[in-house]
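One letter stands for each residue in the lines below.
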Amino acid sequence: MIETLNDPQREAVTLSQGHALILAGAGSGKTKVLTTRIAWLVQNRLASPLAILAVTFTNKAAREMQTRVAAALPINTRGMWIGTFHGLCHRLLRAHSRDAGLPQSFQILDTTDQLAAIKRLLKANGVDDEKYPPRDVQRFINSSKEEGLRSHAVTVDDPFSRQLRDIYALYESQCERDGVVDFPELLLRALELLQRHEPIRTHYQQRFRHILVDEFQDTNRLQYQWLQLLGGGALSIFAVGDDDQSIYAFRGANVGNMADFERDYANGQVIRLEQNYRSHGHILDAANGLIAQNSGRLGKTLWTDAGEGELIRVIEQPTDHAEAHWIVDEIRSLTQEDFGRSDIAILYRSNAQSRVLEHALFSSGIAYRVYGGLRFFERQEVKHALAYLRLASRADDDTSWLRVVNFPARGIGARSLESLTDQARAHGTSLAQAVPRVAGKAGSHLAQFLTMVHQMHQDTQRLSLAETVDQILETSGLRDHYRQQRDGAERLENLDELVTAAKVFELEEELAGLPCGVPREQRGSSAEPDDPEVIPMSPLDGFLSHAALESGDTQAQAGEQAVQLMTVHAAKGLEFEAVFISGLEDGLFPHENSLNESSGLEEERRLMYVAMTRARQRLYLSLAQSRMLHGQTRYSIRSRFLEEVPEAHTKWLTPRATMMGGWLDQSHAGSGSPMKAAAPVGTSNGLAVGGVRFRVGQGVRHPRFGEGTVLALSGLGLDAQAQIHFLDVGTKTLALGIAKLDIIEG
DNA sequence: CGTACGCTTATTTTT
DNA sequence: TAAGCGTACG
């Protein structure tokens, strides 16, 4: 088991105790180290399976770890807590719902549910949603929670933030009443549970002697606090991460946790895993060269003994369409060269770029698969069904109530709901409880609905989970509704799929030997006498939590011999024989929104680093001089990242346009007639407005913003716009007809 | 109650 | 461009 490890890997795996930070570079065997360590600890009786907690970010990673550990150990591994932050916190909250101040059958709000709840709240309280857009409110609430702040703890210094705080407070009480918990709440509640209940805290602190954290660079402050608290009694906290692959700052990840970890656990060791088992030399050295330009790194240089391999190929095409065609042609020859289609990936910075690529792939008949998009449990019809199921479990769940009270339509319109909401507010009850207070025809319709919900609840008591789901699809009228709809066939299939999912869930739970995901040996008499980890949760609640916490695969496509298309973010953790990184243009990658701050640019650079290190043997970097964006043709200069990749590792397949005076020389022999239709008046790469000709790369002066460089041009005539990066004020988009711009000569 | 039209806006995303 | 949202109308 240990023999196949290199020295630093072995050192990491066999640390018997003490905290440690493992800096694990891309492709350095991170997962192997984590799983081998768990197996090693157990096998050498340094830890009981019960003493191990391993935490990841995604269900996929958790599953993989679970499987690999189980494969490495001859014994039952179920006593270990391996899961996502949210999954594990959820488990804690279910086990101690009373102490956590939650109803036994609390439900989980996903991001969309949460937004709906906020919209409802704003409306009910007459908040101006122009001034307080629901999305901003949501961000405020979530980031407050991620800082560990309850509404009362939020500092306010102006009327605006005071109002936000008040909304936050209202939201808290609404959730309380509905018995629902949003994603950040799972973490915050779990933290508070441990903080406030000494016996519970002590129990878990004494239990978990070994804590392992995956993708530590992605943790936020709250997660770090949670780890610190839970790990209060641990022999070892083993945090694995790579600061160079931190690409989620935009959603609250705090790379600083890595440095903090070094400080807070100063006696801990830092081990660097720098041998890369994935990429060939040129690719690796190029990536190293690029990332070296970032400041404040913890420091790490990957190496390989795989040989230098092939040079990185760089391609420049006149348009996004030409770029896509070139890539597709190249893929065709790659497949003749023994590359499997699924060993090839096309990566891009933003989802909008997939269109052109898909179109080109489709018309040449190459099978492809796009990652991302709607996932199973997020589909409208599935969410409707889940809302009914939630009501069957808890009729007081107002969010679910409002979602389906009139879907399918049953004569309960805005008027009826208004009086219901009024009653509920006046008496401080849930909508379900307020039903008897509504008189008249509206009241009887509502009463009918409530009866149906009660009936559904009865059904849950006598039927199995899958039968319940099936039954509810009928009683709710959802099936009928979609049967009548013209294009409802696919939705009906998804509803059937939901029944199947329930069956699978039941089956898996049964295999695991319990109805709710807790190992049997921890339940009933065989467990320690006062084991608090007995989870009182019905199969239905289990299934609903499962649906919320694991929104399902994007689209499990069978017959997987397909080229893989995805964003760079989605590609993290994956690897391919051949990788195309497309759209290497300034403004796109790095993305324009990140250019204002250096931290933004550095994150983009890490993103580029992640993208490059996905490739095993062959890497292509491609760009287009013009591309359709927001319905307008945009002319861009090539990505600064291309300049940052050491030249020794690249080979330009199309003549390299030289940067003359900052703009592109387009005289190269591209394909056919490049800019024919797309080029604006009078020039191949510039825009003429009022007798002044602007070019990408051109230096300009603005009376107020000062000096800057033209990043991109778009539109014609009155629509003509330029995106300009000003030295002092950052990037701005200006209308060329209006802005008083001077060309800086030379 | 459902549809149609017009307006707005436009990274990255897991739980 | 195109999708998503809100309002207005039938």
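Conventions adopted
One numbering rule holds for all chains: residues counted from 1, following each sequence as written. In the order they appear in the text, chains get letters beginning with A and ligands get numbers beginning with 1. Whole-chain, interface and lining totals are the exception, using all residues; otherwise, since this is a predicted model, local features are given only for residues with pLDDT of at least 70 and side-chain atom pairs are given and counted only at 80 or more. With hydrogens and water stripped out, all remaining heavy atoms of the structure feed into the side-chain values. Comment: elements are numbered from the N terminus, with helices defined as DSSP H or I runs of at least four residues and strands as E runs of at least two. Between the two quantities, the radius of gyration covers C-alpha atoms and the globule rule is 2.2 Å times the number of residues to the power 0.38. Only protein chains enter the area calculation, which uses a 1.4 Å probe; residues under 20% of their type maximum are buried, those over 50% are exposed, and those in between are partly exposed. We call two residues contacting when some pair of their heavy atoms lies within 4.5 Å. Under the convention used here, a 1.4 Å probe and the Shrake-Rupley method define accessible areas, while residue burial counts only the protein chains that appear. Note on charges: Lys and Arg go in the positive column, Asp and Glu in the negative column, and His and the chain ends are not counted at all. Throughout, a charge is located at the NZ atom of Lys, the CZ atom of Arg, the CG atom of Asp or the CD atom of Glu. The nearness test applies per residue and asks whether one of its heavy atoms lies within 4 Å of the molecule or strand. Within 3.5 Å is the distance limit for a polar contact, defined as a pair of N or O atoms, with the added protein rule that one can donate a hydrogen and the other accept it, and that residues adjacent in sequence qualify only through two side-chain atoms. At least two DSSP bridges between two strands are needed for those strands to be called paired. The handedness of a crossover follows from its direction of travel: if, with the strands pointing away from the viewer, the path from the first strand over the helix to the second runs clockwise, the crossover is right-handed. All residues other than Ala, Val, Leu, Ile, Met, Phe, Trp, Tyr, Cys, Pro, Asp, Glu, Lys and Arg, Gly among them, are scored as polar; the first ten of these are nonpolar and the last four charged. Any Phe, Tyr or Trp ring, taking Trp's six-membered ring, that has another such ring centre within 6.5 Å forms a pair; planes under 30 degrees apart are called stacked, those over 60 apart edge-to-face, and the others tilted. To sit over a ring, a charge needs its Lys NZ or Arg CZ within 6 Å of the ring centre and within 35 degrees of the ring normal. All axes here are fitted lines through C-alpha atoms, helices being fitted over the stretch that makes contact, and every angle between N-to-C directions spans 0 to 180 degrees.

The next thing to look at is the overall build of chain A. Tallying secondary structure elements over chain A gives 26 helices and 25 strands in all. Here chain A has a C-alpha radius of gyration of 29 Å; the compact-globule value for 746 residues is 27 Å, and the two agree. Projected onto its principal axes, the C-alpha positions of chain A cover 80 × 70 × 55 Å. Here chain A holds 746 residues, and 54% of them are scored as buried. The contacts in chain A between residues at least 6 apart in sequence include a share of 75% that link residues at least 24 apart. Total accessible area computed for chain A in this model is approximately 32,000 Å², and 49% of it derives from carbon and sulfur atoms. Taking the average place of the 79 positive charges on the side chains of chain A and the average place of its 94 negative ones, the gap between the two points comes to 2 Å.

As a further point, take the protein's contact with DNA strand C. As a matter of local geometry, DNA strand C sits amid Arg355, His630 and Gly631. If you look at DNA strand C and keep only atoms within 4 Å of the protein, 42% of those are sugar or phosphate atoms. Note that a phosphate oxygen of DNA strand C is positioned 2.8 Å from one of the side-chain N or O atoms of Arg355.

Pairing of strand E2 (residues 52-56) with strand E3 (residues 81-84), which is carried by 4 bridges, proceeds in the parallel orientation. Its bridge partner lying in E3, Leu53 is registered against Trp81. Between the parallel pair E2 and E3, the chain is carried across by helix H3 (residues 59-72), and the sense of this crossover is right-handed.

In this section: the protein's contact with DNA strand B. As a structural note, the neighbourhood of DNA strand B is formed by 27 residues, with Thr111, Arg349, Asn351, Asn406 and Thr567 the closest of them. Backbone atoms, meaning sugar and phosphate, make up 52% of the atoms of DNA strand B lying within 4 Å of the protein. In this structure, Asn59 approaches DNA strand B through a main-chain N or O atom, which is 2.8 Å from a phosphate oxygen. Here a base oxygen of DNA strand B sits 2.7 Å away from a polar atom, N or O, in the side chain of Thr111. Within the surface near DNA strand B, the residues separate by chemical class into 7 nonpolar, 16 polar and 4 charged.

Given two aromatic rings, one states the distance between the centres and the angle between the planes to describe the pair. Scanning the model with the defined rule gives 19 aromatic pairs in all. Here Phe85 and Trp226 contribute two aromatic rings whose centre-to-centre distance is 5.8 Å and whose plane-to-plane angle is 65°, an arrangement assigned as edge-to-face. In this pair, Phe85 sits in helix H4 (residues 85-95) while Trp226 sits in helix H10 (residues 221-230), placing the two residues 141 residues apart along the sequence. The burial state of Phe85 is the same as that of Trp226; both residues are buried. Ring geometry for Phe376 against Phe377: centres 5.1 Å apart, planes inclined by 75°, an arrangement best described as edge-to-face. Phe377 carries the same exposure label as Phe376, and that label is buried. A network of ring pairs unites the aromatic residues Phe216, Tyr224, Phe261 and Tyr265 as a single cluster. The ring of Tyr248 has Arg251 sitting right over it, with the charged end atom 3.6 Å from the ring centre.

The parallel open sheet is built from 6 strands, whose spatial order is E3-E2-E6-E7-E1-E8. The open sheet has two edge strands, E3 and strand E8 (269-273), and neither has a second partner. Mean inter-strand twist for the sheet, computed between neighbouring axes without regard to direction, equals 15°. H3 contacts E2 and E3 of the sheet and is inclined by roughly 160° relative to E3. Seen against the sheet, H10 touches E2, strand E6 (210-213) and strand E7 (236-241) and runs at an angle of roughly 165° to E6.

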